[in-house]
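What the coordinates show
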Amino acid sequence: MPPGRIHPLSSAARDMAAIFARMGFGVAYGPELEDEFHNFDALRVPADHPARDMQDTFWTKEDPRRVPRTHTTSVSVRCMEAMAREGRTECRVIAPAKVFRNEATDATHEAQFYQLDGVAVGPVGTVTLAHLKGTFEYFYRAYLGPSAKVRFRPSFFPFVEPGVEVDVWYEAPGKEPRWLEVAGAGMLHPEVIANCGLDPETVAGFAFGGGIERLVMIKHGVPDIRGFHAGDIRFVYGFDPAAA
Amino acid sequence: MAIIQKASRAWLQKYFDAPLPDARTLADALTFHVAEIEEPASPDSDLVEVNVLPDRAQYLLCHRGVASEVAGALRVPLARDPLAEPLPEWPATDQVRVTLGDGANRFIGALVTCVTVGPSPEWLRAALESVGQRSINNVVDATNFVMLDIGQPLHAFDAGKLAARDGGYAIEVRGSRAPEAITVLGGTTYELPEGTLLVTDANADGLPIGIAGIKGGEAAQVTDGTTTLLVEAANFDGARVRATAQRLKLFTDASSRFQNRPSPELVAYGMRDVLALILDIAGGELVGVTDVYPQRTAPAPVSVPLARLNAVLGTELGIVEASAALDRLSLPYAVTGDGASLTVVPPFWRTDLQVAEDLVEEIGRAVGYDRIAGAQLPPPGTAPSLDRFYGIERVRDFMLGRGYAEVSTPSFAPEGAIGLENPLQQDRPYLRASLAPNLADALARAALAAPRVLGPDRFAKVFEIGNAFTADGETLMLAAGVAALNGKPSEAAAALREDLDALEGELLGMPSMAQCTGDRTVAELCLEGVNLEKLGAGYAPEPRALGPYRPYSPYPSALRDVAVWTPAGTEESEVANAIVGAAGDLLARLDLFDRFEKGEGDDARISYAFRLVFESMERTLSDADLDPAMECVTAALNALPGWEVR
């Protein structure tokens, strides 16, 4: 029997889960169709605030309406709620999974894509912005190669403070090395920690999120995002396992 | 989405004595200090485009705001700061009466007589055009200039078009009463949903003269004949302005500012600057000002203990460094708690500074995030759980091991149980209730692509693992399909049945649950009943690393077969090399599909039959491409001693 072929996103998720597992991160799950609280309100994105405009959102025709999640940070919220219920003070998880954005598709945008969101929470002082940077440095070196470097730029995501944009220095074979914008991240806002039922005076954490397709495109040289979810085996077989 | 604030370097320069650096240096400095800047077209570009995110939009959507950040980023002081300069004492007037309803935080109305409306002076036209705005007339340009300069939206009404009673004007800000409509500047008429915040002429039965915080009405438009102005500087509730702008789909420079909730304190500074500019360039005389400000707001002090600062950033900053960072941002502070804390009294325009973490960010970005050294997290207290993930990967590995290719297909569908309010594709307005239809489609296309992608296999096999959405909830599903490439669908159905029996029986240990569809070549299985954690415990997914991607042709491939007699002892590779050497660049794939030997001794021969797959990245191939290629192949094979194309 000839061997089958894994989808590049599944292959990437395996690599990512393995790398993060070495840093103590588990893999967590949550619904793709979320309630407004877990996708937005718990993350300090109230309905009447311009922060809602940062993500183009689908809504269901339900009462109450639900949202095909715009990020898997909703999974992080659920994990922190579970921490609070179970009285734990530590949590490290990633959620490499599908998210949705209501935006026109082109070579770099799809209405559905995969995001690698994650969160690390621990007693105040044990999880810091420096740890966020160290976590990214470890991850990108393992995933993209030892020459990868990480830098932060000031940015804003409603659920973190400080918030940063993450650039990675990537030396692609046969290409000019350059800085690429790969993720958003920051230290969890104390209100978010409180919204999850935890005490921001005792625990702190970081959260991050970035598109997985984009990383796969960078690493494997995929020119157009639209192949990933087109249900086309020609795309899947376009990645050569022998050359890995 | 960020709001792009277009700033002009020449305009920013007015805030500094020292010359500003070139556009690229400026862009870099701001990008690492406060906000992403669009790549400038050239080092000489005048335009600086700042991606302003909602947290800083209360103060950064103007040249003064950008200049304040330039000062911090380049460590050069502002030569002047209009928000630090004193406000004048205006004469009060009973000729402007203002009544505010809910949603209006402050309203200053000023009456100016004897103005001359006309073209703007050249410097003003140039300033507006430098940031992509059109000059209209001196009065309107003055309101726009001040908004772009210090961020306060402003509006001028032609008082001559308002109703005067007892020699005075009466403005009321109120919610609309259905059905009400307004024609705004530019001539568009809007039917107003009940409760829309309006600026109205109370002397004219409450005639709407503006949609509060969004756009002025045509009824009191300033034109060339205007001689008396009622100038508005106001502050409206951000949520209401935002809701109205969204409902009317009317997004303006004013609405984008108000929805980000600038301080009502700014209103007076806007009035000060616009009155000075109007009197300067349009002449006239200020009669007086009415300021209604029901609830004065002032930012509360915010403190951050040094220990907290370092616990968030993972740094060891001392009080001197942290204080220097606040100095650079011109944030006034006091060292409190015996040097253990910093307390900032935010200037009125920094309404974003509310909790300690906000100060952590200010200090962090001013110090520079490049100063933060990466650190590894300590080992976790408990080992991470990946069991569910491994359980799903185990199912995936099983399917891959049975020869299936994994696909991903859209979660949006033509039919389903849960509809979308705002679908992107009108023909896919539901979330999928089943993975089977998409999989059947992927399977049909896989069968077409199989000769090119899979070669001469008997079957094309595809699967997808994903979520489906039904009235009962969201479920993790596996869909699989098999196509027979040169056999009957029943053979494909049998192969699928065998694989699913193995999956359910051998791996999952559950009774046969998979639902087959159509001709039984596609089946779907709900994985919710499977204990995935248990399945994954201790499982190590097979390494399945992938190499570089090679794009496929968007055009269909074309097939040709060739069979050739060769002398005994001829290797398959010799034939393949001969074909590859003759077939040309369009040959994309070559597969042996038949080989047999015939005869004995000197008569012994071997027949090889190959399938050639041709493909172009540029076009669909025709016989005109393939026939010459096949003639070359035939000629090349026949030319070899003892070879004969059959």
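Before any of the text, the structure's been laid out above.
Here, residues in each chain are numbered from 1, in the same order as that chain's written sequence. Each chain is given a letter, starting from A, and each ligand a number, starting from 1, according to the order in which they appear as written. Only residues with pLDDT of 70 or above have their local features reported here, since the model is predicted, and side-chain atom pairs are shown and tallied only from 80 upward, although totals for entire chains, interfaces and linings are computed over all residues. No hydrogens and no water enter the side-chain calculation; it runs on all heavy atoms of the structure.

**Points about the overall build of chain A**
Only runs of H or I of at least four residues qualify as helices and only runs of E of at least two qualify as strands under DSSP, and these elements are numbered from the N terminus. The helix and strand tally for chain A stands at 7 helices and 9 strands. A globule of 244 residues ought to have a C-alpha radius of gyration of about 18 Å, and chain A, at 18 Å, matches this closely. When the backbone C-alpha atoms are referred to their principal axes, chain A occupies close to 50 × 45 × 40 Å. Three exposure classes are used, based on accessible area relative to the maximum for each residue type with a 1.4 Å probe and protein chains only: buried under 20%, partly exposed in between, and exposed over 50%. Across the 244 residues in chain A, those meeting the buried criterion constitute 66%. In this analysis, two residues are considered to be in contact whenever any of their non-hydrogen atoms come within 4.5 Å of each other. Residue pairs in contact within chain A that sit at least 24 positions apart in sequence constitute 65% of those at least 6 positions apart. Positive and negative side-chain charges in chain A, numbering 26 and 32 respectively, have mean positions lying 6 Å apart. Computation of the radius of gyration draws on C-alpha atoms, with the globule rule given as 2.2 Å multiplied by the number of residues to the power 0.38. In this charge count, Lys and Arg are treated as positive and Asp and Glu as negative; neither His nor the chain ends contribute. The atoms used to mark charge sites are NZ of Lys, CZ of Arg, CG of Asp and CD of Glu.

**What about the interface of chain A and chain B?**
Facing 101 residues of chain A, the contacting portion of chain B comprises 96 residues. Here the quantity called buried area is the accessible surface, traced with a 1.4 Å probe, that two parts lose on coming together, added over both. Across the interface of chain A and chain B, roughly 8300 Å² is buried in total on both sides, 59% from carbon and sulfur atoms. For this document, the term salt bridge refers to a Lys or Arg side-chain nitrogen within 4 Å of an Asp or Glu carboxyl oxygen. Between chain A and chain B we count 5 salt bridges in total. Between Asp-232 of chain A and Arg-445 of chain B there is a salt bridge, with its nearest N and O atoms 3.9 Å apart. Here a polar contact means two N or O atoms within 3.5 Å. Within protein one must be a hydrogen donor candidate and the other an acceptor candidate, and residues neighboring in sequence count only if both atoms are side-chain atoms. On inspection of chain A and its partner chain B, the count reaches 45 residue pairs in polar contact (both at pLDDT 80 or more). With 8 residues, helix α4 (residues 129–144) of chain A is the single largest residue contributor to the side of chain A that touches chain B. Here the side of chain A that touches chain B is built from residues that sort into 51 nonpolar, 26 polar and 24 charged. Each residue gets one label: Ala, Val, Leu, Ile, Met, Phe, Trp, Tyr, Cys and Pro are nonpolar, Asp, Glu, Lys and Arg are charged, and the others, such as Gly, are polar.

**What about the pattern of salt bridges?**
Side-chain pairing between opposite charges can occur once the charged atoms of the two side chains come close. Scanning all chains against the criterion turns up 53 salt bridges over all chains. With its nearest N and O atoms 2.9 Å apart, the salt bridge here joins Glu-86 of chain A to Arg-88 of chain A. Assessed through its relative accessible area of 53%, Glu-86 of chain A is described here as exposed. For Asp-352 of chain B, the salt bridge is made with Arg-350 of chain B, and the minimal N-O distance between the two is 2.9 Å. By relative accessible area, Asp-352 of chain B is classed as buried at 12%. Residue class for Arg-350 of chain B comes out buried when judged on its relative accessible area of 4%.

**As for helix α5 (residues 122–130) of chain B**
All names here are of chain B. Taken together, the buried positions of α5 are Leu-124, Ala-127 and Leu-128. Taken down its axis, α5 places every buried residue within 95° of arc, on the same side. Along its buried surface, α5 packs onto α1 (9–13), α6 (138–150) and α9 (266–281). Once α5 finishes, Gly-132 follows within two positions and takes phi at roughly 80°, a positive value. Relevant arc is that of directions from the helix axis to the C-beta atoms, nothing else.

**A closer look at the sheet that holds strand β3 (residues 96–100) of chain B**
All names here are of chain B. Being paired, for any two strands, means DSSP has found at least two bridges between them. Read from one edge to the other, the open sheet built from 5 strands follows the order β3-β6-β9-β10-β11, with strand pairing classed as mixed. Two strands close off the open sheet at either side, each with one partner strand: β3 and β11 (215–216). One ladder, built from 4 bridges, connects strand β9 (residues 197–201) with strand β10 (residues 207–211); its direction is antiparallel. Bridge pairing in β10 places Thr-200 opposite Pro-208.

**What about the pairing of strand β8 (residues 189–192) of chain B?**
Residue and element names in this part refer to chain B. The two faces of β8 differ: Tyr-190 and Leu-192 on one face are buried, but Thr-189 and Glu-191 on the other face are not. Of the pairings in the sheet, the one linking strand β7 (residues 180–183) to β8 comprises 4 bridges and is antiparallel in character. Each bridged residue has a counterpart across the sheet, and for Thr-183 the counterpart in β8 is Thr-189. Between β7 and β8, which pair antiparallel one after the other, the connecting turn spans 5 residues, and Gly-186 there sits at a positive phi close to 100°.

**A look at the packing of aromatic side chains**
The relation between two aromatic rings is expressed through the spacing of the ring centres and the mutual angle of the planes. When two rings of Phe, Tyr or Trp (its six-membered ring) have centres within 6.5 Å they constitute a pair, described as stacked for plane angles under 30 degrees, edge-to-face for angles over 60, and tilted for the intermediate range. Under the counting rule described, the total for this entry stands at 26 aromatic pairs over all chains. Between Phe-100 of chain A and Phe-412 of chain B the ring centres are 5.6 Å apart and the planes differ by 65°, which places this aromatic pair in the edge-to-face class. With Phe-100 of chain A in strand β4 (residues 91–100) and Phe-412 of chain B in strand β18 (residues 412–413), the pair connects residues from two separate chains. Phe-412 of chain B shares its class with Phe-100 of chain A; the two are buried. Following the ring pairs from residue to residue traces out a cluster consisting of Phe-20, Phe-25, Phe-136, Phe-139, Tyr-140, Tyr-143, Phe-206 and Phe-208 of chain A. Over a ring means this: the NZ of a Lys or the CZ of an Arg is within 6 Å of the ring centre and within 35 degrees of the ring normal. Above the face of the Trp-59 of chain A ring, Arg-65 of chain A is positioned so that its terminal group lies 3.5 Å from the ring centre. Between Arg-64 of chain B and the ring centre of Trp-349 of chain B, over which it is positioned, the NZ or CZ distance is 4.4 Å.

**Some thoughts on the packing of helix α1 (residues 8–22) of chain A against helix α13 (residues 387–401) of chain B**
Put simply, α1 of chain A and α13 of chain B touch, their axes get as near as 12 Å, and they point 145° apart. Considering the relative orientation of α1 of chain A and α13 of chain B, their crossing is left-handed. Contacts between α1 of chain A and α13 of chain B involve Ser-10, Ala-13, Arg-14 and Ala-17 of chain A on the former and, on the latter, Phe-389, Glu-393, Arg-396 and Asp-397 of chain B. A class-by-class count of the residues in the contact of α1 of chain A with α13 of chain B yields 3 nonpolar, 1 polar and 4 charged. The axes used here are C-alpha line fits, helices contributing only the stretch in contact, and every angle between their N-to-C directions lies in the interval 0 to 180 degrees. If you view the pair so one helix is near and one far, a crossing is left-handed when the near helix is turned anticlockwise from the far one by less than a right angle, and right-handed when it is turned clockwise.

**Here we look at unusual backbone geometry**
Cis rather than trans, the peptide bond between Asp-63 of chain A and Pro-64 of chain A has omega equal to 0°. Its location among the elements puts Pro-64 of chain A in the loop between α2 (36–39) and β3 (66–68). Residue Pro-162 of chain A follows Glu-161 of chain A across a cis peptide bond; omega there is -5°. Here Ser-330 of chain B, not a glycine, exhibits a phi torsion of approximately 55°, which is positive. Inspection of the secondary structure assignment puts Ser-330 of chain B in the loop between α11 (319–328) and β15 (333–336).

By themselves these figures say nothing about function.
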